[in-house]
Amino acid sequence: MPKYTIFVAYINTMKRINKILAILAFLLISLPAFSQWRVGVNVAYENTGAIWKYDGKDQGVKNISGFSIGPTVAYEAVEDYFDIHTGVSFAMSGFALQDNSIFGNNHLMSYEELITFYYLQVPVYAVGKLPVRDVNLLLEVGPILSAGVGSRSERTYRVDDAEYTEESKENLFKEAMHPFNCLIHFGLGVEYMGARITAGYNLGVFNVMRDEAKRSDLKTDGFFVSIGYVFDFD
């Protein structure tokens, strides 16, 4: 084999080794930073509703059951005392409207409309932690930014013992409602060996009404209970 060919092969081999060494060095340098990040999963039951005012008058709104589920990411900003949590979740929320009336010879008629929203959500929580033996007490505060991906409306009419139900296929986010929503999350909880349980309240701060927005102010809200687990790769 010519000496030139051997030299070129040697140079190429050294280049590959240097690349490998550079990658290993980068990983070793980055390990402390990566160790501050943890991933997990969270599932929440939500008793969702809304605060609705039309021309300044409160409208009767009933809460319904909802949920959220998705992966989470936790960054340990201050060891043992302060985290930042984010992630992406799929959520179902909404509310119900009800009305009752009497007509004719004491006939009772009732009307209920069930409105359901489907969102992709990005929460960003500041999480304070208070270590108590093997348990961390948690305080969570932060916004939940939501993008509407679908909606559902179901109306039920009842007259005495008769009942009629109709479902609307109209996407409320196209005209009546804003697809964007923002909630402020307040939660208290405990964490033990990565397992977490929290409870609290999500306060709506954005008027989701697009139709007649000057007269109608609708902010979604709700109580929640969530369970989750955050993996620790240390």
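Here the residue numbers are simple positions, counted from 1 along each chain's written sequence. Residues qualify for local features only when their pLDDT is at least 70, as the model is predicted, and side-chain atom pairs are given and counted only at 80 or more; totals for whole chains, interfaces and linings, by contrast, use all residues. To get the side-chain values, all heavy atoms of the structure are used, and hydrogens and water are removed first.

Further remarks concern the confidence of the model for the protein chain. One confidence number per residue, pLDDT, is output by the predictor and ranges from 0 to 100. With 80% of its residues at a pLDDT of 70 or more, the protein chain has an overall mean of 82. Put simply, helix H1 (residues 3-34) is where the protein chain has its lowest mean pLDDT, 52, and strand S10 (residues 195-204) is where it has its highest, 96. By definition in these notes, contact holds between two residues if any of their heavy atoms fall within 4.5 Å. Below pLDDT 50 for its whole length, residues 3-10 participates in one contact with residues either more than four positions away or in separate chains. Here residues 27-32 scores under 50 on pLDDT; set against residues more than four positions off or in separate chains, the count is zero contacts. Secondary structure elements follow DSSP: runs of H or I of four or more residues count as helices, runs of E of two or more count as strands, with numbering from the N terminus.

Structurally, the position occupied by Asp134 is in the loop between strand S6 (107-132) and strand S7 (135-159). For the exposure calls, accessible area comes from a 1.4 Å probe over protein chains only, and a residue counts as buried if that area is under 20% of its type's maximum, exposed if over 50%, partly exposed in between. A relative accessible area of 61% places Asp134 in the exposed class. Those residues in contact with Asp134 that lie beyond four places of it in its chain are Glu191 and Tyr192.

What follows concerns the pattern of salt bridges. Any carboxyl oxygen of Asp or Glu that lies within 4 Å of a side-chain nitrogen of Lys or Arg is treated as forming a salt bridge with it. Counted according to the given criterion, the structure contains nine salt bridges. A salt bridge links Arg155 to Glu113; the nearest nitrogen and oxygen atoms lie 3.6 Å apart. With a gap of 42 residues between them, Arg155 in strand S7 and Glu113 in strand S6 connect regions that are remote in the sequence. Since its relative accessible area comes to 23%, Arg155 is described here as partly exposed. Among the salt bridges present, the one from Arg152 reaches Glu154, with a minimum N-O distance of 2.8 Å. Each of Arg38, Asp83, Lys129, Glu140, Glu191 and Arg196 takes part in a single network of salt bridges with overlapping partners.

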